[in-house]
Amino acid sequence: MSKKPELRGRAARLARLLPQGPSQAARTPFVLLVVLLLGGGLIGLLILNSSLNEGSFQLSELKKETKDLTEEKQELQREVDGYAAPDALQRRAGELGMVPGGDPAFLNPDGTVRGVPGAAARPSSLGYPAPRPQEVASPAASVSIPVAPPVPPPAPDVTAAAPPPSAPTPAAQAPTQPGPTTTSGR
């Protein structure tokens, strides 16, 4: 039978440094693989947790910014509504020297005029604010139209030449409120 040769001297010392048997050599790469997988998994979880926390902070900052912008939008809308209020528009128009218009006249589809146009109110020289116009519903639509209070006609100018009393003026011949007119062909 064959015996395993025994090593002597230097070869014996080197043989003792090497592991004995195949079982230790196969176990080392498996242990290294498991350690690397566990370490990589822990590092991956740490990175994932950090990115989720960062996303949470960004989300809370964006929610706060959205809330601030919504409040700013509402404040600006209130400011616009304040400028668009009828009394604010009337006050600003008065500051610009604008006056309420007189009574309007309307053109009918057949070309006739309905109503008598009135002159615009003259600005008050006393510095009192003009009276607030009344809201009147239009008969044709449901839109309210501000109507200025009636203004007395201006006093006649004494220096102007007056027409002879016997000659009728065109304004005296025209009716003040024409009645409804009928149109043929419709």
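This is a predicted model, so every value here is computed, not measured.

### Describing the overall build of the chain
For the chain, the count of helices and strands is four helices and four strands. Ordered by position from N to C terminus, the α and β elements of the chain give α-α-α-β-β-β-β-α. Across the 186 residues of the chain, 2% fall into the buried class. Considering only contacts in the chain between residues 6 or more positions apart, those separated by 24 or more positions represent 31%. When the accessible surface of the chain is split by element, carbon and sulfur atoms take 63% of a total near 17,200 Å².

### Remarks on the pattern of salt bridges
Per the stated rule, a full pass over the model turns up three salt bridges. Taking the shortest distance from any N to any O, the salt bridge between E95 and R91 comes out at 3.4 Å. Here E95 pairs with R91, and both are found in helix α3 (residues 86–95), just four residues apart, close to one helical turn. Accessibility expressed as a relative area gives 58% for E95, which makes it exposed. Judged by its relative accessible area of 47%, R91 falls in the partly exposed class.

### Describing a nonpolar patch on the surface
A grouping of F30, V31, V34, V35 and L38 is seen on the molecular surface, where their side chains present a nonpolar patch of about 470 Å² in accessible area. When you line up the elements, V31 lands in helix α2 (residues 23–84). The class for V31 is partly exposed, based on a relative accessible area of 43%.

### Here we look at the confidence of the model for the chain
Of the residues in the chain, 59% have a pLDDT of 70 or more, and the chain-wide mean is 75. Scored below 50 in pLDDT, residues 135–144 shows 10 contacts in the model against residues more than four places distant or in partner chains. Counted against residues more than four places away or in other chains, residues 160–164, with its pLDDT under 50, gives one contact.

About the thresholds
Residues numbered from 1 in each chain as written. Predicted model: local features only at pLDDT ≥ 70, side-chain atom pairs only at ≥ 80, totals over all residues. Heavy atoms only, no water. Helix = DSSP H or I, 4+ residues; strand = E, 2+ residues; numbered from the N terminus. Buried < 20%, exposed > 50% of the residue type's maximum accessible area, 1.4 Å probe, protein only. Contact = heavy atoms within 4.5 Å. Areas by Shrake-Rupley, 256 points an atom, 1.4 Å probe, with all protein chains shown as cover. Salt bridge = Lys/Arg side-chain N within 4 Å of Asp/Glu carboxyl O. Patch = residues over 30% accessible without salt bridge, like charges linked within 9 Å, V, L, I, M, F, W, Y side chains within 5 Å. pLDDT = per-residue confidence, 0-100.

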